[in-house]
Amino acid sequence: MASFDCERNFGELAPAGYYVALRVGFILPASERNTMPQAWIDRYTRRGYLVHDPVIRWVYSHDGVTRWSAIRLHDTRGVLREAAEYGMRFGAAVSCPPIDEDGQRSFATFARSDREYTEAELRLLQDRFTEMHVGTMPPTNLTRAEIEALAMMREGLLLKEIAGRLGVTEGAIKQRIRSAKEKLRAKTASQAVSCAAGYGLI
């Protein structure tokens, strides 16, 4: 999958911490990064704040970028008030809608303790995060034969065994793997398998 340096992208803009969730599936994202204070993460998890957090509710029902203070959803559990006690007094949220048929969105939330985010910072956060969202889209040009070969490799089959099962030459399987590696921007066959699995292709 595409690699991004979250610290370089967001560390300076979110000195109190940030949470990035890329390509969120039915329950879990394909990848995530959380730099918010560990004490807050523990409290948030222990108290089950996820379903009550107005920021999380906003990112699932809106697209674009907003400040936490502009979210007009009820905070019945006082999640944002408690977040401020952990140094996260001001924040921003970005939500990117699905751009393919799998319906996976990406979202992020950013925090600071000193001031509200400026309009320019909001645009910058949205632009950088949208780039991440688009950059982690799986390639759509892999053939069914290439995906099939990668799936068999994931099962632990050798090239000769894959060729035998599919009734083709070992050279044909090598070519499929080589082509899949190029499309997935992978250096090795095992990395191609890992990338394909990460994208949910196999």
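These numbers come from a predicted model, not from an experiment.

Calculation rules
Residues numbered from 1 in each chain as written. Predicted model: local features only at pLDDT ≥ 70, side-chain atom pairs only at ≥ 80, totals over all residues. Heavy atoms only, no water. Helix = DSSP H or I, 4+ residues; strand = E, 2+ residues; numbered from the N terminus. Buried < 20%, exposed > 50% of the residue type's maximum accessible area, 1.4 Å probe, protein only. Contact = heavy atoms within 4.5 Å. Areas by Shrake-Rupley, 256 points an atom, 1.4 Å probe, with all protein chains shown as cover. Lys, Arg positive; Asp, Glu negative; His and termini not counted. Charge placed at Lys NZ, Arg CZ, Asp CG, Glu CD. Patch = residues over 30% accessible without salt bridge, like charges linked within 9 Å, V, L, I, M, F, W, Y side chains within 5 Å. Salt bridge = Lys/Arg side-chain N within 4 Å of Asp/Glu carboxyl O. Polar contact = N/O pair within 3.5 Å; in protein donor to acceptor, adjacent residues only side chain to side chain. Core = buried A, V, L, I, M, F, W, Y, C linked by side-chain atoms within 4.5 Å. pLDDT = per-residue confidence, 0-100. Pairing = 2+ DSSP bridges. Axes fitted to C-alpha atoms, helices over the stretch in contact; angles between N-to-C directions.

1. Some thoughts on the overall build of the protein chain
- The helix and strand tally for the protein chain stands at nine helices and five strands.
- Counting helices and strands in the order they occur from the N terminus, the protein chain gives α-β-β-α-α-β-α-β-β-α-α-α-α-α.
- Taken along its principal axes, the extent of the C-alpha atoms in the protein chain is 65 × 35 × 25 Å.
- Looking at the protein chain as a whole, 41% of its 202 residues are labelled buried.
- For the protein chain, contacts bridging at least 24 residues in sequence account for 62% of all contacts bridging at least 6.
- A total accessible area of about 10,900 Å² is found for the protein chain, and carbon and sulfur atoms account for 51% of it.
- Positive and negative charge centroids in the protein chain, built from 28 and 25 side chains respectively, lie 2 Å apart.

2. As for a nonpolar patch on the surface
- Taken together, the side chains of F26, I27 and L28 present a nonpolar region at the surface, about 450 Å² in accessible area.
- Among the structural elements, F26 can be located in the loop between β1 (17-24) and β2 (29-34).

3. Structural notes on the side chain of R105
- Relative to the assigned elements, R105 resides in strand β5 (residues 105-112).
- A relative accessible area of 15% means that R105 is categorised as buried.
- A distance of 3.0 Å separates a polar atom in the side chain of R105 from a polar atom in the side chain of D63.
- Not counting the four nearest positions on each side in its chain, R105 is found in contact with R23, V24, V59, Y60, H62, D63, S95, C96, P97, P98 and H133.

4. Comments concerning the nonpolar core
- Counting residues in each nonpolar core, the largest one holds 21 residues, and the members touching the most others are M36, W40, Y44, M88 and F107.
- Only β1, α2 (38-46), α3 (54-61), α4 (79-85) and β5 provide two or more residues apiece to this core.
- The biggest single contributor to this core is α3, with four residues.
- Leaving out residues up to four positions away in the same chain, Y44 has contacts with Y49, L50, D53, I56 and V79.
- Core analysis: the next-biggest nonpolar cluster, separate from the first, contains 17 residues, L142, I162, I173 and I177 among them.

5. Some thoughts on the confidence of the model for the protein chain
- This prediction gives the protein chain a mean pLDDT of 91; 95% of its residues lie at or above 70.
- The lowest-confidence element of the protein chain is helix α1 (residues 6-10), averaging 71 in pLDDT; the highest-confidence one is strand β3 (residues 64-67), averaging 98.

6. Examining the sheet that holds strand β4 (residues 90-96)
- Taken together, the five strands give an open sheet; going across it, the order is β2-β1-β5-β4-β3, and neighbouring strands pair in antiparallel fashion. Single-partner strands in this sheet number two, and they are β2 and β3. Neighbour-to-neighbour, the strand axes of the sheet open up by a mean angle of 5°, direction not taken into account.
- As defined by bridge partners, β1 adjoins β5 across six bridges and the pair is classed as antiparallel. Looking at β5, one finds that A21 is bridged to F107.

7. Focus: the pattern of salt bridges
- Tallied over the entire structure, the rule returns eight salt bridges.
- Note that R67 is salt-bridged to E119, the shortest N-O span being 3.2 Å. Of this pair, R67 sits in strand β3 while E119 is found in helix α5 (residues 119-135), placing the two residues 52 residues apart along the sequence.
- A salt bridge links R112 to D114, with the shortest nitrogen-to-oxygen separation between them at 2.7 Å.

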